[in-house]
Amino acid sequence: MRSLSRWGVLIDRFLPRYDVHERHKIRVAAPREHAYHALMEVDFFRSTLVRILFGLRGLPRERAVGLSQLTDFGFVLLDEDPGTEVVYGLVGRFWQPRGGLRRVSRDEFASFSEPGYAKAAWNFRIEAVGVSGSIVSTETRVSSTDPASRRSFTRYWRLIGPFSALIRRRLLVMIRDRAEASEPT
């Protein structure tokens, strides 16, 4: 298990130690407020790539899906620093065809340790760059609850990890494009 707490981000409160992680970021030519608004309003399924990849996991593809709809699919909103960061969590057997999801509450997430599962935390963070720019970043961390689950998840991640990265990079581009197209307030 690795730990990466140098950012001092909200995700550290919920999954400070993890087996795998991925992090991506994009520079946005718009103020932090515009980037955060774009994050909250973007429809992930406007991207054909994202819709196809999510559909392979059995998620519905007929409606808009943004951050606020993630809880419909088993995610739990772990924390939010409005305008700066939002963190979601998910518990499951991700290596199974339908993900073997286990609903947990925000309060249960950090201490959840039942063998046979993995916990994933996913954040988006917005940082101001000067007065008119920002950086939007996303990080995904996954921690398994026991060695057998770690082995199963690691095998799964070798296959799915590149597609997961594609989804996150595409979402960042969509957020950037929406933020840069928004009108100043």
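Only a predicted model underlies this, so the values are computations on that prediction, with no experimental measurement involved. (Residues numbered from 1 in each chain as written. Predicted model: local features only at pLDDT ≥ 70, side-chain atom pairs only at ≥ 80, totals over all residues. Heavy atoms only, no water.)

## A look at the environment of Gly89
Part 1: With respect to the element layout, Gly89 can be found in strand β5 (residues 85–92).
Part 2: According to the relative accessible area criterion, Gly89 is buried, its value standing at 0%.
Part 3: Taking the C-alpha atoms as reference, Gly89 lies 9.0 Å from Val104; in sequence the two are 15 residues apart.
Part 4: If we skip the residues at most four places from it in the chain, Gly89 touches Gly74, Phe75, Val76, Leu78, Phe109, Ala120 and Ala121. (Helix = DSSP H or I, 4+ residues; strand = E, 2+ residues; numbered from the N terminus. Buried < 20%, exposed > 50% of the residue type's maximum accessible area, 1.4 Å probe, protein only. Contact = heavy atoms within 4.5 Å.)

## Quick word on the pairing of strand β7 (residues 133–144)
Part 1: Of all twelve residues that make up β7, eleven are buried, and the element is covered over most of its length.
Part 2: Hairpin geometry of strand β6 (residues 118–129) and β7 is characterised by an intervening segment of three residues between the two adjacent antiparallel strands and by a positive phi of about 65° at Gly130. (Pairing = 2+ DSSP bridges.)

## Digging into the side chain of Asp146
Part 1: Locating Asp146 in the fold gives a position in the loop between β7 and α5 (147–181).
Part 2: Arg151 provides the closest opposite charge to the buried, salt-bridge-free Asp146, at an N-O distance of 6.4 Å.
Part 3: Looking at Asp146, its side chain comes within polar contact range of the main-chain nitrogen of Ala148, at 3.1 Å.
Part 4: Those residues in contact with Asp146 that lie beyond four places of it in its chain are Pro115, Gly116 and Tyr117. (Lys, Arg positive; Asp, Glu negative; His and termini not counted. Salt bridge = Lys/Arg side-chain N within 4 Å of Asp/Glu carboxyl O. Polar contact = N/O pair within 3.5 Å; in protein donor to acceptor, adjacent residues only side chain to side chain.)

## Remarks on the packing of aromatic side chains
Part 1: If you walk through the whole model with that rule in mind, you get seven aromatic pairs.
Part 2: Residues Phe112 and Tyr117 carry aromatic rings whose centres are separated by 5.5 Å and whose planes lie at 85° to one another, so their mutual orientation is edge-to-face.
Part 3: Among the aromatic residues, those joined into a cluster by ring pairs are Phe44, Phe75, Trp122 and Phe124.
Part 4: Above the ring of Tyr117, the side-chain terminus of Arg93 is found at 4.1 Å from the ring centroid. (Phe/Tyr/Trp six-rings, centres within 6.5 Å; stacked < 30°, edge-to-face > 60°. Lys NZ or Arg CZ within 6 Å of the ring centre and 35° of its normal.)

## Some points on the sheet that holds strand β4 (residues 76–81)
Part 1: The sheet built from five strands is open, its strands ordered β3-β7-β6-β5-β4 with antiparallel pairing. For this open sheet the edge positions go to β3 (20–28) and β4, each flanked by a neighbour on one side alone. For this sheet the average axis-to-axis angle between neighbouring strands, irrespective of direction, equals 15°.
Part 2: Where β5 lies against β6, eight bridges are found, and the strand directions are antiparallel. Pairing of Gly89 across the sheet is with Ala121, part of β6.
Part 3: Here helix α2 (residues 32–41) sits on the sheet in contact with β4, β5, β6 and β7, set at roughly 150° to β6.
Part 4: In this fold α5 packs onto β3, β6 and β7, with an angle of close to 10° to the strand it touches most, β3. (Axes fitted to C-alpha atoms, helices over the stretch in contact; angles between N-to-C directions.)

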